[in-house]
Amino acid sequence: MPECAAIASHAICDAQNGHRVMICIALGNLTYDECLHAVNTLDFAEIRLDMLALTHEQVATVFAANSNLIATCRPGKYDDDERQRLLLNAIASGAAYVDIEMDAADAFKQAVIQAARARGTKIIISYHDFEKTPLREELEYVVRWCSEFNPDIIKIACMAHSPRDNARLLGLLDSDTPMLVVGMGERGKISRVVSPLLGSFCTFASYTSDKATAPGQLFKDDIQALIERMQQL
Ligand SMILES: O=C1C[C@@](O)(C(=O)O)C[C@@H](O)[C@@H]1O
């Protein structure tokens, strides 16, 4: 029996090599009721505040309902002031992790990092490239830049177009710093399956098959079955 068979609808299982394999369910494009139901039934989820249209009161209720949530609010929908308010609200309401974009404005980063440290919320500093996977030197430079914020986890999510792109991303896991790598797009799917088995802090999956929050994101039951199958090797 695979070691994580028992988790069924849960999202966490033990890898053969001893570290935990975590599947984080990215929640976006849901109603408030759907979101609340999801956090009450999942072990580990990301709340995409920029994709959910929650009121501040609803944000507080969602984060109070589950002590293992990542708060994320990508730029685009809200200006930085509102993004900051939403993330500070999530932190004050018990967010376990907060995702802060490496290239966000300094004042924004400082305010969110300070609040997270004060509250014991773990900090994920993230880098995204929705076009390509940069060359190794550039990725290493990005990782060093992210390290300067002294995060708990460094997240690197890049569009993968080839096996080498996946290999380069997965190579970042050969690190003493906790890393989270994601290969986006059709060609990046393989990295989503193997990265948590190779030490990535987690992999992301969709809540339903039609609600992916990023290209190439697999449905949670499908990726869980694939990971369990690989654990039987
Ligand atoms: O950064 C990431 C990774 C992700 O973009 C993905 O490709 O699965 C999904 C996002 O919700 C999350 O914040």
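Bear in mind that the values here come from a model prediction, so they are computed numbers and not experimental data.

What follows concerns the site of the ligand. Around the ligand sit 13 residues, and of these Glu 46, Arg 74, His 128, Lys 155 and Arg 192 come closest. With respect to the ligand, the side chain of Lys 155 contributes an N or O atom lying 2.7 Å from an oxygen atom. For the ligand, the accessible surface in isolation is 320 Å², of which the surrounding protein chains cover 99%. Of the residues that constitute the shell around the ligand, the class distribution is 5 nonpolar, 3 polar and 5 charged.

This part is about the UniProt feature "binding site: 3-dehydroquinate" (unreviewed entry) in the protein. On the UniProt side, "binding site: 3-dehydroquinate" (unreviewed entry) is annotated at positions that read Glu 46, Ile 47, Arg 48, Arg 74, Arg 192, Thr 213 and Gln 217 here. Among the residues just listed, Glu 46, Arg 48, Arg 74, Arg 192, Thr 213 and Gln 217 line the largest pocket. Within the element layout of this structure, Arg 48 appears in strand E3 (residues 45–48). Classification of Arg 48 as buried rests on a relative accessible area of 11%. Setting aside its immediate chain neighbours within four residues, Arg 48 contacts Leu 27, Gly 28, Thr 72, Arg 74 and Thr 213. For Arg 192, the position within the fold is in helix H7 (residues 189–194). Not counting residues up to four positions away in its chain, the partners in contact with Arg 192 are Val 182, Gly 183, Met 184, Thr 203, Phe 204, Ala 214, Pro 215, Gly 216, Gln 217, Leu 218 and Ile 223.

A few words on unusual backbone geometry. Not every positive phi belongs to a glycine, and Ala 53 is a case in point at roughly 50 degrees. As for its position among the elements, Ala 53 is in the loop between E3 and helix H2 (56–65). At Asn 150, a residue that is not glycine, the phi angle is positive and equals roughly 55 degrees. Its location among the elements puts Asn 150 in the loop between helix H5 (136–147) and strand E7 (153–159).

Given a rise of 1.5 Å per residue, 14 residues ought to cover 20 Å, and the 20 Å separating the end C-alpha atoms of helix H4 (residues 106–119) matches this to within 8%. Here H4 has its buried residues at Phe 108, Lys 109, Val 112, Ile 113 and Ala 116. Taken end-on, H4 shows its buried residues confined to a sector of 115 degrees, consistent with a single buried face. Every exposed residue of H4 that faces more than 90 degrees away from the buried side is listed here: Asp 106, Ala 107, Gln 110, Gln 114 and Ala 118. Summarising the contacts, the buried residues of H4 are in contact with helix H3 (80–92), strand E5 (97–101) and strand E6 (122–129).

What counts, and where the lines are drawn
- Residues numbered from 1 in each chain as written.
- Predicted model: local features only at pLDDT ≥ 70, side-chain atom pairs only at ≥ 80, totals over all residues.
- Heavy atoms only, no water.
- Near = heavy atom within 4 Å.
- Polar contact = N/O pair within 3.5 Å; in protein donor to acceptor, adjacent residues only side chain to side chain.
- Areas by Shrake-Rupley, 256 points an atom, 1.4 Å probe, with all protein chains shown as cover.
- Nonpolar A, V, L, I, M, F, W, Y, C, P; charged D, E, K, R; others polar.
- UniProt positions renumbered as here; feature names shortened; annotations may be inferred.
- 1 Å grid on protein atoms, 1.4 Å probe; cavity = no way out; pocket = protein on both sides within 12 Å on 5 of 7 lines; lining within 4 Å.
- Helix = DSSP H or I, 4+ residues; strand = E, 2+ residues; numbered from the N terminus.
- Buried < 20%, exposed > 50% of the residue type's maximum accessible area, 1.4 Å probe, protein only.
- Contact = heavy atoms within 4.5 Å.
- Expected span 1.5 Å × (residues − 1).
- Arc of directions from axis to C-beta.

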